[in-house]
Amino acid sequence: TLRKDAASLDLAIAMALAAITTPPADRAHPSLAGYRFMAELSLTGALRPVRGAFSLAEACRTGDGTVHTIVCAPQNAAEVYFAVGEQIRVLAPATLAELLDHLRGDRGSTVWRPAADPDLAARPVDPAPDMSEVRLAPGVSRTIEAAVCAGLRILLVSRPGAGATMIARRLP
């Protein structure tokens with residue numbers, strides 16, 4: 001037995017049950033081998049978002065290449081799509097029933113695509129904070145910038161209020 005620790009397994013468990021309880025003659029859907037499922041299921045069958053969807057999707061993208069479709073809640077679709085781009089198809093059905101219909105051949109509008117937002121260019125952009133606002137000891141700022149440029153990881157340890165969080169927010 002496998003103990004279910006996370007809500008992100010809800011949809012995967014439901015799909016496994018659907019796959020094993022459907023008689024082979026009635027299976028109109030393809031093999032689920034290349035699918036990854038990440039969503040919580042409500043009692044009504046609605047798909048709910050999960051935490052860490054970006055990381056899960058990125059792991060699917062950088063894995064062994066066997067994943068061709070990620071199924072997630074509509075609320076997670078944008079971050080999943082951002083992680084995988086066009087490399088992996090993203091399905092974002094609202095309910096479990098909609099997903100099952102899709103797999104049976106009713107190809108509704110569950111494939112998620114980023115929406116074009118004509119007002120996006122008109123929105124004001126808040127400038128990101130940068131290191132010019134930080135006052136550090138001579139050489140410390142340059143050392144941090146050099147480490148970031150080299151792709152190194154930095155561990156900032158300080159007493160509360162010393163500015164480690166402020167510096168971390170300014171790093172890419």
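Engineer: Describe in detail the nonpolar core, supporting the description with residues and values.
Structural biologist: Ranked by internal contacts, the top residues of the largest apolar core, which has 16 residues, are Met38, Ala57, Ile70, Val80 and Val84. The set of elements that each furnish at least two residues to this core consists of α2 (53-62), β4 (69-72) and α3 (77-84). A total of five residues in this core trace back to one element, the largest contributor, which is α3. Counting twelve residues, the second-largest nonpolar core is a separate cluster that includes Leu11, Met15, Val71 and Leu99.

Engineer: Any chance you could break down the packing of aromatic side chains for me, citing the residues and the numbers?
Structural biologist: Applying the stated rule across the entire model yields two aromatic pairs. Plain terms: the ring middles of Tyr35 and Phe37 are 6.0 Å apart, the flat faces sit at 10 degrees to each other, and that makes the pair stacked. Residues Tyr35 and Phe37 agree in their burial class; the two are buried. Ring geometry for Phe54 and Phe82: centres 6.0 Å apart, planes at 35 degrees, overall tilted.

Engineer: Provide a residue-level description of the sheet that holds strand β1 (residues 35-38), including the pertinent values.
Structural biologist: The three strands lie next to each other as β1-β4-β5, forming an open sheet whose pairing is parallel. Both edges of this open sheet fall to β1 and β5 (89-91), since each of them pairs with a single strand only. Here the average twist between neighbouring strands, direction ignored, is 20 degrees. Bridge analysis of β1 against β4 gives four bridges, and the strand direction is parallel.

Reading guide: rules and limits
Every chain is numbered independently, its residues counted from 1 as its sequence is written. At least 70 in pLDDT is required for a residue's local features to be given in this predicted model, at least 80 for side-chain atom pairs to be given and counted, and no such filter applies to totals for whole chains, interfaces and linings, which use all residues. To obtain the side-chain values, all non-hydrogen atoms of the structure were used and water was disregarded. Working definition of a nonpolar core: buried Ala, Val, Leu, Ile, Met, Phe, Trp, Tyr and Cys residues. They are joined through side-chain atoms within 4.5 Å. The cut-offs for exposure are 20% and 50% of the maximum accessible area for each residue type, with area from a 1.4 Å probe on protein chains only; residues under the lower value are buried, those over the upper are exposed, and the others partly exposed. Numbering of helices and strands runs from the N terminus; a helix is a DSSP stretch of H or I covering at least four residues, while a strand is a stretch of E covering at least two. Each Phe, Tyr or Trp ring (for Trp, its six-membered ring) is paired with any other whose centre lies within 6.5 Å, and the angle between the two planes then decides the class: stacked below 30 degrees, edge-to-face above 60, tilted in between. Strands pair, by our definition, only if DSSP identifies at least two bridges between them. Note on method: axes are straight lines fitted to C-alpha atoms, helices fitted across the in-contact stretch only, with angles between N-to-C directions ranging 0 to 180 degrees.

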